[in-house]
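Chain by chain, the residues:
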Amino acid sequence: MRKFPIVLLLMFFLASSAHALQWAYPFVVWNGDVYEVKLEEMIEESEIGKRLGEVETKPHEMTGDHYGNASNYFPIGTNYYEIKGISTSSAIAVENNEQWVKAVYAHKAPFHIKNILSNVFLIITVAALLMMGMVYYVYRKNRSTRHV
(Lines give C-alpha, C1' and ligand atoms only; values in the text may rest on other atoms or scores of the structure.)
Protein backbone atom coordinates (compact mmCIF):
# COMPACT_ATOMS: atom_id res chain seq x y z
CA MET A 1 0.00 0.00 0.00
CA ARG A 2 2.96 2.35 0.55
CA LYS A 3 4.06 2.06 -3.07
CA PHE A 4 0.80 3.52 -4.40
CA PRO A 5 1.34 7.08 -3.00
CA ILE A 6 4.95 7.10 -4.20
CA VAL A 7 3.96 6.00 -7.70
CA LEU A 8 1.16 8.56 -7.72
CA LEU A 9 3.55 11.34 -6.65
CA LEU A 10 6.11 10.31 -9.28
CA MET A 11 3.43 10.34 -11.97
CA PHE A 12 2.30 13.78 -10.84
CA PHE A 13 5.79 15.31 -10.88
CA LEU A 14 7.13 13.58 -13.97
CA ALA A 15 4.07 13.94 -16.19
CA SER A 16 4.59 16.57 -18.85
CA SER A 17 1.89 19.11 -19.25
CA ALA A 18 1.10 20.61 -22.61
CA HIS A 19 0.28 24.27 -22.46
CA ALA A 20 1.10 27.33 -24.51
CA LEU A 21 1.57 30.92 -23.53
CA GLN A 22 -1.38 33.18 -24.22
CA TRP A 23 -0.49 36.73 -25.16
CA ALA A 24 -2.34 39.77 -23.87
CA TYR A 25 -2.07 41.51 -27.27
CA PRO A 26 -0.37 41.06 -30.64
CA PHE A 27 3.02 42.75 -30.75
CA VAL A 28 6.07 43.36 -32.89
CA VAL A 29 9.58 44.17 -31.72
CA TRP A 30 11.70 46.58 -33.72
CA ASN A 31 14.99 48.20 -32.79
CA GLY A 32 14.74 47.05 -29.16
CA ASP A 33 11.22 48.40 -28.65
CA VAL A 34 7.95 46.49 -28.28
CA TYR A 35 4.97 47.87 -30.20
CA GLU A 36 1.40 46.80 -29.48
CA VAL A 37 -0.37 46.14 -32.78
CA LYS A 38 -3.78 47.75 -33.14
CA LEU A 39 -5.34 45.42 -35.71
CA GLU A 40 -8.41 47.64 -36.02
CA GLU A 41 -6.39 50.81 -36.83
CA MET A 42 -5.67 50.73 -40.56
CA ILE A 43 -3.06 53.00 -42.12
CA GLU A 44 -3.59 54.40 -45.63
CA GLU A 45 -0.93 53.65 -48.24
CA SER A 46 -0.30 57.38 -48.69
CA GLU A 47 0.83 57.53 -45.02
CA ILE A 48 3.40 54.72 -45.37
CA GLY A 49 7.04 55.82 -45.29
CA LYS A 50 10.25 53.89 -45.76
CA ARG A 51 10.65 50.23 -44.85
CA LEU A 52 12.23 49.82 -41.39
CA GLY A 53 12.73 46.08 -41.12
CA GLU A 54 10.87 42.81 -40.80
CA VAL A 55 9.90 40.07 -38.38
CA GLU A 56 12.95 37.81 -38.03
CA THR A 57 12.09 35.60 -35.05
CA LYS A 58 9.14 34.25 -33.08
CA PRO A 59 8.89 34.20 -29.27
CA HIS A 60 9.32 30.90 -27.45
CA GLU A 61 5.81 29.47 -26.99
CA MET A 62 6.33 28.41 -23.37
CA THR A 63 8.48 31.18 -21.90
CA GLY A 64 7.74 34.18 -24.09
CA ASP A 65 11.46 34.85 -24.53
CA HIS A 66 12.25 36.67 -27.75
CA TYR A 67 15.11 38.58 -29.31
CA GLY A 68 15.71 40.77 -32.32
CA ASN A 69 12.84 41.81 -34.56
CA ALA A 70 10.14 39.45 -33.33
CA SER A 71 6.36 39.07 -33.35
CA ASN A 72 3.93 36.85 -31.50
CA TYR A 73 1.27 37.36 -34.19
CA PHE A 74 2.85 38.01 -37.59
CA PRO A 75 4.90 35.47 -39.57
CA ILE A 76 8.62 35.84 -40.18
CA GLY A 77 9.16 38.15 -43.13
CA THR A 78 6.35 40.60 -42.25
CA ASN A 79 7.57 44.14 -43.02
CA TYR A 80 7.59 47.21 -40.73
CA TYR A 81 7.30 50.75 -42.11
CA GLU A 82 7.49 54.26 -40.75
CA ILE A 83 4.29 56.30 -40.69
CA LYS A 84 4.73 59.72 -42.32
CA GLY A 85 4.48 62.51 -39.78
CA ILE A 86 4.74 60.18 -36.75
CA SER A 87 7.98 59.44 -34.91
CA THR A 88 9.01 55.78 -34.86
CA SER A 89 9.39 56.18 -31.09
CA SER A 90 5.58 56.55 -30.97
CA ALA A 91 4.27 54.21 -33.66
CA ILE A 92 5.13 52.19 -36.77
CA ALA A 93 3.08 50.48 -39.47
CA VAL A 94 3.01 46.70 -39.90
CA GLU A 95 2.08 45.04 -43.17
CA ASN A 96 -0.98 42.82 -42.80
CA ASN A 97 -2.46 41.07 -45.85
CA GLU A 98 -1.43 43.78 -48.33
CA GLN A 99 -2.67 46.49 -45.94
CA TRP A 100 -1.03 48.27 -43.03
CA VAL A 101 -2.00 48.42 -39.37
CA LYS A 102 -0.74 50.71 -36.64
CA ALA A 103 1.58 49.45 -33.90
CA VAL A 104 2.06 51.83 -30.96
CA TYR A 105 5.09 51.89 -28.67
CA ALA A 106 4.44 49.85 -25.50
CA HIS A 107 7.83 49.42 -23.75
CA LYS A 108 11.47 48.49 -24.17
CA ALA A 109 12.11 44.88 -25.16
CA PRO A 110 13.58 42.70 -22.40
CA PHE A 111 17.29 41.96 -22.47
CA HIS A 112 18.31 38.82 -24.35
CA ILE A 113 21.91 37.70 -24.92
CA LYS A 114 21.18 36.92 -28.58
CA ASN A 115 20.53 40.63 -29.17
CA ILE A 116 24.19 41.24 -28.41
CA LEU A 117 25.49 38.17 -30.23
CA SER A 118 23.57 39.06 -33.39
CA ASN A 119 24.88 42.65 -33.48
CA VAL A 120 27.23 42.75 -36.49
CA PHE A 121 28.90 46.02 -35.42
CA LEU A 122 29.71 44.58 -32.00
CA ILE A 123 31.13 41.38 -33.50
CA ILE A 124 33.34 43.34 -35.93
CA THR A 125 34.53 45.62 -33.12
CA VAL A 126 35.43 42.70 -30.85
CA ALA A 127 37.21 40.90 -33.72
CA ALA A 128 39.21 44.05 -34.53
CA LEU A 129 40.20 44.51 -30.88
CA LEU A 130 41.30 40.88 -30.65
CA MET A 131 43.37 41.23 -33.81
CA MET A 132 45.00 44.44 -32.52
CA GLY A 133 45.76 42.66 -29.26
CA MET A 134 47.37 39.75 -31.09
CA VAL A 135 49.48 42.11 -33.24
CA TYR A 136 50.57 44.00 -30.12
CA TYR A 137 51.43 40.71 -28.35
CA VAL A 138 53.53 39.51 -31.31
CA TYR A 139 55.22 42.91 -31.58
CA ARG A 140 56.11 42.92 -27.85
CA LYS A 141 57.32 39.32 -28.03
CA ASN A 142 59.56 40.01 -31.04
CA ARG A 143 60.86 43.21 -29.47
CA SER A 144 61.81 41.47 -26.21
CA THR A 145 63.62 38.61 -28.01
CA ARG A 146 65.75 41.05 -30.08
CA HIS A 147 67.31 42.64 -26.98
CA VAL A 148 68.57 39.37 -25.59
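Residues numbered from 1 in each chain as written. Predicted model: local features only at pLDDT ≥ 70, side-chain atom pairs only at ≥ 80, totals over all residues. Heavy atoms only, no water.

## Notes on the overall build of the protein chain
- Helix and strand content of the protein chain: 3 helices and 6 strands.
- Walking the protein chain from its N terminus toward its C terminus, one meets helices and strands in the order α-β-β-β-β-β-β-α-α.
- Put simply, 61% of the contacts in the protein chain that link residues at least 6 apart link residues at least 24 apart.
- Carbon and sulfur atoms provide 61% of the accessible area of the protein chain, an area that totals close to 11,000 Å². (Helix = DSSP H or I, 4+ residues; strand = E, 2+ residues; numbered from the N terminus. Contact = heavy atoms within 4.5 Å. Areas by Shrake-Rupley, 256 points an atom, 1.4 Å probe, with all protein chains shown as cover.)

## Regarding the pattern of salt bridges
- Under the counting rule described, the total for this entry stands at 2 salt bridges.
- As a salt-bridge pair, lysine 38 and glutamate 36 come within 3.3 Å of each other at their nearest N and O atoms.
- A salt bridge links arginine 51 to glutamate 54; the shortest N-O distance between them is 2.7 Å.
- The class for arginine 51 is partly exposed, based on a relative accessible area of 43%.
- By relative accessible area, which is 27% here, glutamate 54 ends up partly exposed. (Salt bridge = Lys/Arg side-chain N within 4 Å of Asp/Glu carboxyl O. Buried < 20%, exposed > 50% of the residue type's maximum accessible area, 1.4 Å probe, protein only.)

## Structural notes on the packing of aromatic side chains
- This model, assessed by the stated rule, comprises 3 aromatic pairs.
- Ring centres 6.1 Å apart and planes at 80° place the aromatic pair tyrosine 35 and tyrosine 105 in the edge-to-face group. Here the residue tyrosine 35 occupies a position in strand β2 (residues 33–43), and tyrosine 105 occupies one in strand β6 (residues 99–108), the gap between them amounting to 70 residues.
- Residue class for tyrosine 105 comes out partly exposed when judged on its relative accessible area of 34%. (Phe/Tyr/Trp six-rings, centres within 6.5 Å; stacked < 30°, edge-to-face > 60°.)

## Observations regarding the nonpolar core
- The biggest cluster of nonpolar side chains holds 12 residues, and these are Val28, Trp30, Tyr35, Val37, Leu52, Val55, Phe74, Tyr80, Ile92, Val94, Val101 and Ala103.
- If you list the elements that add at least two residues to this core, you get β1 (27–30), β2, β5 (91–96) and β6.
- Residues in contact with valine 94, not counting those within four places in the same chain, are Val28, Phe74, Thr78, Asn79, Tyr80, Gln99, Trp100, Val101 and Ala103.
- Formed by 7 residues, the second largest nonpolar core is a distinct cluster that contains Ile43, Ile83, Ala91 and Ala93. (Core = buried A, V, L, I, M, F, W, Y, C linked by side-chain atoms within 4.5 Å.)

## What about the pairing of β5?
- In terms of residue burial, β5 counts as a mostly covered element, since 5 of its 6 residues are buried.
- As judged from the 2 bridges shared by strand β4 (residues 79–83) and β5, these two strands associate in the antiparallel manner. Looking across to β5, one finds that tyrosine 81 is bridged to alanine 93.
- Bridge analysis of β5 against β6 gives 6 bridges, and the strand direction is antiparallel. Its bridge partner lying in β6, isoleucine 92 is registered against alanine 103. (Pairing = 2+ DSSP bridges.)

## Some thoughts on the sheet that holds β6
- Judged by pairing direction, the sheet is antiparallel, and its 6 strands sit side by side in the order β1-β2-β6-β5-β4-β3 without closing on themselves. Each edge of the open sheet is held by one strand with a lone partner, namely β1 and β3 (48–54). On average, adjacent strands in this sheet sit at an angle of 40° to one another, irrespective of strand direction. (Axes fitted to C-alpha atoms, helices over the stretch in contact; angles between N-to-C directions.)

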